Amino acid sequence: MNSSINNGGKTHIKYAHMHYPKTVELKCKKCKSKIIATNQNAPEEIEHFMDISDFEKKWNLICMDCTFRAELNWDELKEFDLWLKTKIRDIEFWSWNIHHLNMIIKKLRKTELKSDKWEFFESYIPKKWLLKFNSEREIRKIEMLKEK
Ligand SMILES: [Zn+2]
């Protein structure tokens, strides 16, 4: 299962198992469009949350383009590819959702992260992304994911 949510788990266990985004953008297996997966147990106003229970989470999946709908747990989400994903200099880049993506771009552009809601995830950004994705060309490629 290359290039899926699991990749985050392999390099950053905590990332995958302790702290969750409230929404994850995935790729629909039926129509290849974007799915929004939303955790139904997390409060409305937060963007990510700490997991204190077990894996009995409810993720509500809605495809933006076709009729696909599902209610899955975190493990089952891993069967899907992430939507905001690309390959740069043979390194896989990915993010959970657009807000997470924006934070990573800020970081790559060395912009101040203070008051960014996604600041918590800063320390989980793979070191090699920060080292290798440092030219305008590469950052642009990442920014193009926003147009997807
Ligand atoms: Zn679909």
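Since the structure is predicted, the reported quantities are computational estimates derived from the model, not experimental observations.

**Digging into helix H4 (residues 98-108)**
One full turn of an α-helix is made of 3.6 residues, so residues set three or four places apart face in the same direction.
Then, number 1: Those residues of H4 that fall on the buried side of the exposure criterion are His100, Leu101, Met103 and Ile104. All buried residues of H4 project into a common sector of 160 degrees when viewed along the axis, lining one side.
Then, number 2: Elements that come into contact with the buried residues of H4 comprise strand E1 (19-21), strand E7 (84-88) and strand E8 (91-95).
Then, number 3: Looking one or two residues beyond H4, the residue adopting positive phi is Lys110, at roughly 60 degrees.

**As for the confidence of the model for the chain**
Note: predicted coordinates in regions of low pLDDT should not be interpreted at a detailed level.
Then, number 1: Put simply, the chain has an average pLDDT of 85, and 83% of its residues get 70 or more.
Then, number 2: Note that residues 7-16 has pLDDT below 50 and, in this model, 11 contacts with residues that lie over four places away or in other chains.

**Here we look at the nonpolar core**
Then, number 1: The biggest cluster of nonpolar side chains holds 21 residues, and the ones touching the most others in it are Val24, Leu26, Ile35, Ala37, Leu77, Leu82 and Leu84.
Then, number 2: Of all the secondary structure elements, the ones that give two or more residues to this core are strand E2 (23-27), strand E3 (34-39), strand E5 (59-63), E8 and H4.

**Let's talk about the sheet that holds E5**
Then, number 1: Here we have four strands laid out as an open sheet, ordered E2-E3-E5-E6, and antiparallel in their pairing. The sheet is open, and its two borders are formed by E2 and strand E6 (69-72), each paired with just one other strand. When strand polarity is set aside, the average angle formed by the axes of neighbouring strands in this sheet is 25 degrees.
Then, number 2: Inspection of the sheet shows E5 paired to E6 by four bridges, in the antiparallel sense. If you follow Trp59 over to E6, its bridge partner there is Leu72.

How each quantity is defined
- Residues numbered from 1 in each chain as written.
- Predicted model: local features only at pLDDT ≥ 70, side-chain atom pairs only at ≥ 80, totals over all residues.
- Buried ≥ 20, exposed ≤ 12 C-beta atoms within 10 Å, placed from the backbone.
- Helix = DSSP H or I, 4+ residues; strand = E, 2+ residues; numbered from the N terminus.
- Arc of directions from axis to C-beta.
- Contact = placed C-beta atoms within 7 Å.
- pLDDT = per-residue confidence, 0-100.
- Core = buried A, V, L, I, M, F, W, Y, C linked by C-beta atoms within 7 Å.
- Pairing = 2+ DSSP bridges.
- Axes fitted to C-alpha atoms, helices over the stretch in contact; angles between N-to-C directions.

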